[in-house]
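Residue strings, one per chain:
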Amino acid sequence: MIGAGNIGGAIAANLLADGHAVTVHDVDAARLKPLVRAGASVADSPAAVAARSEVTFTSLPSPAVMEAVAHAWLAGAERDAVLVDLSTNAPATVRAVGGRLASAGRHLLEAPLTGGAPGAQARMLVFMVGGDAAVYARCLPLLQKLGRAVFHVGALGLGNTAKLVNSLLAFSATWVSLEGLAIAAKAGMNLRTMIEVIRTGGAGNFFTDRMVEGINERGRPTQFALGLAAKDAGLLLDVAREAAVPVPVAAEVAQALVAAVGAGLGARDFTDIVELIERQAGVTLRLPPAGR
């Protein structure tokens, strides 16, 4: 495992629990200490991880970092070794790196995921996999043990396309729901009543059905940073532009995420985006407890 953050660290821990020999590498050595206590060995470079591994997982913050790590990994990888990238990545980067690895007799599989750190810890991730069918078949038993669902969506690049579309819907539902709640709150409406109207009236979504129940909690430990959400939204816009698909709503949602970063919330958990709409609308959003 290269990249032992919230998701990579949890996946590495689960691989160790399953009895695998796991080698780990991260630029932040502190992240590796609990994994070493659980039985992992530490490598000082991506190439060293590759030299000890049949399958290497990467969980990294950006396409540029993934591309650099893949290049370093290749230097130590045995022929026919597999690199499984769990990062949310640019489809064009995935295809380019996959081509370079294939020409050297190694393989890339992309497996971006949803479920975040809690899903990684509880083995409840959903993987959207792109890549060669035979390589997918090799890695499927590992992925099935790490999550609750695995989808092979097609060739390299399509896994991240699926992930970015899924993220677009999640980001959009969250932001437009907060806009609506801000309108209701500023008009003087009880937000619990408004939520019940939405749920009963048929306009609900994952945010109003579930996530809104935590809207009063702020400053929770960061599991999915708003800065990463802004990065993902930008990748989606790139994919849409390449496909010549107009996405005005996606562009506005991406700008809201950029505004959150600009407002100093980039390192905060995604759920704290509620603070941005409160600042912009001059209103406080508090959800009363549910009645009987």
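Look above for the structure.
Worth saying up front: this structure is predicted, and the values here are computed from it rather than measured. (Residues numbered from 1 in each chain as written. Predicted model: local features only at pLDDT ≥ 70, side-chain atom pairs only at ≥ 80, totals over all residues. Heavy atoms only, no water.)

### Concerning the pairing of strand S7 (residues 125-130)
S7 sits mainly inside the fold: six of its six residues count as buried. With burial as the criterion, each face of S7 is covered, one bearing Leu 125, Phe 127 and Val 129 and the other bearing Val 126, Met 128 and Gly 130. By the bridge criterion, two bridges tie strand S6 (residues 113-114) to S7 in an arrangement that is antiparallel. If you follow Thr 114 over to S7, its bridge partner there is Val 126. Pairing of S7 with strand S8 (residues 147-154) involves six bridges; the strand directions are parallel. Looking at S8, one finds that Gly 130 is bridged to Gly 154. (Buried < 20%, exposed > 50% of the residue type's maximum accessible area, 1.4 Å probe, protein only. Helix = DSSP H or I, 4+ residues; strand = E, 2+ residues; numbered from the N terminus. Pairing = 2+ DSSP bridges.)

### Brief notes about helix H8 (residues 158-186)
Taking 1.5 Å as the rise per residue, H8 with 29 residues should run 42 Å; its terminal C-alpha atoms sit 42 Å apart, in good agreement. Immediately beyond the C-terminal end of H8, within one or two residues, lies Gly 188, with a positive phi of roughly 100 degrees. (Expected span 1.5 Å × (residues − 1).)

### Considering the pairing of strand S5 (residues 107-110)
In summary, the side chains of a regular strand alternate between the two faces of the sheet. Of the strand pairs in this sheet, strand S4 (residues 82-85) and S5 are connected by four bridges, and their pairing is parallel. The residue of S5 that forms the bridge with Leu 83 is Leu 108. Between the parallel elements S4 and S5, the chain passes through helix H5 (residues 91-103) in a crossover that is right-handed. (Right-handed = clockwise from strand over helix to strand, strands pointing away.)

### Considering the layout of surface pockets
Of the pockets and cavities examined, the largest pocket occupies roughly 1,600 Å³. In terms of lining, the largest pocket is formed by 50 residues, of which the most central are Ile 7, Gly 116, Ala 117, Gln 223 and Phe 224. Broken down by element, the lining of the largest pocket gets its largest block of residues, six residues, from H8. Taken together, the residues that form the lining of the largest pocket break down as 23 nonpolar, 18 polar and nine charged. (1 Å grid on protein atoms, 1.4 Å probe; cavity = no way out; pocket = protein on both sides within 12 Å on 5 of 7 lines; lining within 4 Å. Points joined across faces, edges and corners; volume = space filled by probe spheres on them. Nonpolar A, V, L, I, M, F, W, Y, C, P; charged D, E, K, R; others polar.)

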